[in-house]
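Commentary on secondary and tertiary structure
In case you want the letters, here they are:
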Amino acid sequence: QVQLVESGGGLAQVGGSLRLSCAASGLTFSIYAMGWFRQAPGKERQFVAAIGWSGGDVSYVDSVKGRFTISRDNAKNTVYLEMNSLKPEETAVYYCAKARSTRTAVALYEYDYWGQGTQVTVSS
């Protein structure tokens, strides 16, 4: 079955950086778009970034543009999220997700498999 396992979360200082990874198994990784979402306590899960099957098409929520970078390595079945200049309000559980298609997607319903999430805490 499809499994997505996130890693790389932890504690970062304001203005600091973290790199999240998501290792996928049980699927033909290279033909699906992938995405990152986050959910803060008491809030809805929010789109952060997405990447198309080849890596050539990316999409970001406006608040992270210029600071976050999504990438993928199809040889390693892994998608990454490089996060720089982190802010306290970005404290959340970050989830990796597999899209239903090859193209980038921003809505939750466009994703059919999710990882367990990794906690990111940005401390001031």
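Worth saying up front: this structure is predicted, and the values here are computed from it rather than measured.

1. Re the environment of Val 122
Within the secondary structure, Val 122 is located in strand β11 (residues 118-123). Since its relative accessible area comes to 6%, Val 122 is described here as buried. Separated by 106 residues in sequence, Val 122 and Gly 16 place their C-alpha atoms 8.2 Å apart.

2. Things to note about the sheet that holds strand β1 (residues 3-7)
Taken in spatial order, the 4 strands line up as β1-β3-β8-β7 in an open sheet, and their pairing is antiparallel. Both edges of this open sheet fall to β1 and β7 (68-73), since each of them pairs with a single strand only. In this sheet, neighbouring strand axes are inclined to one another by 15° on average, regardless of whether the strands run parallel or antiparallel. Pairing geometry for strand β3 (residues 18-25) and strand β8 (residues 78-83), over 6 bridges, is antiparallel.

3. Thoughts on the state of the cysteines
In total, this model carries 1 disulfide according to the counting rule given. There is a disulfide in this structure between Cys 22 and Cys 96, and the S-S distance comes to 2.1 Å. Measuring the twist about the S-S bond at about -70°, one finds the Cys 22-Cys 96 disulfide to be left-handed. One end of the pair, Cys 22, is in strand β3; the other, Cys 96, is in strand β9 (residues 92-99), with 74 residues separating them in the sequence. Neither Cys 22 nor Cys 96 differs from the other in exposure class; each is buried.

4. A short note on the nonpolar core
Among the nonpolar cores identified, the biggest contains 37 residues, and Trp 36, Val 79, Leu 81, Met 83 and Tyr 94 are the most heavily contacted of them. For this core, the secondary structure elements donating two or more residues are β3, β4 (34-39), β5 (46-51), β7, β8, β9 and β11. Apart from residues lying up to four places away in sequence, Val 79 is in contact with Leu 20, Ser 21, Cys 22, Phe 29, Met 34, Trp 36, Ile 51, Ile 70, Ser 71, Arg 72 and Cys 96.

5. Comments concerning the packing of aromatic side chains
Enumeration over the complete set of coordinates arrives at 4 aromatic pairs. Both rings, one in Phe 37 and one in Phe 47, keep their centres 5.7 Å apart while their planes meet at 75°; by these two values the pair is edge-to-face. Of this pair, Phe 37 sits in strand β4 while Phe 47 sits in strand β5; the two residues are 10 residues apart in sequence, bridging distant segments of the chain. With a relative accessible area of 0%, Phe 37 lands in the buried category.

Rules used in this analysis
Residues numbered from 1 in each chain as written. Predicted model: local features only at pLDDT ≥ 70, side-chain atom pairs only at ≥ 80, totals over all residues. Heavy atoms only, no water. Helix = DSSP H or I, 4+ residues; strand = E, 2+ residues; numbered from the N terminus. Buried < 20%, exposed > 50% of the residue type's maximum accessible area, 1.4 Å probe, protein only. Pairing = 2+ DSSP bridges. Axes fitted to C-alpha atoms, helices over the stretch in contact; angles between N-to-C directions. Disulfide = S-S within 2.5 Å. Core = buried A, V, L, I, M, F, W, Y, C linked by side-chain atoms within 4.5 Å. Contact = heavy atoms within 4.5 Å. Phe/Tyr/Trp six-rings, centres within 6.5 Å; stacked < 30°, edge-to-face > 60°.

The analysis is restricted to geometry; functional conclusions fall outside its scope.
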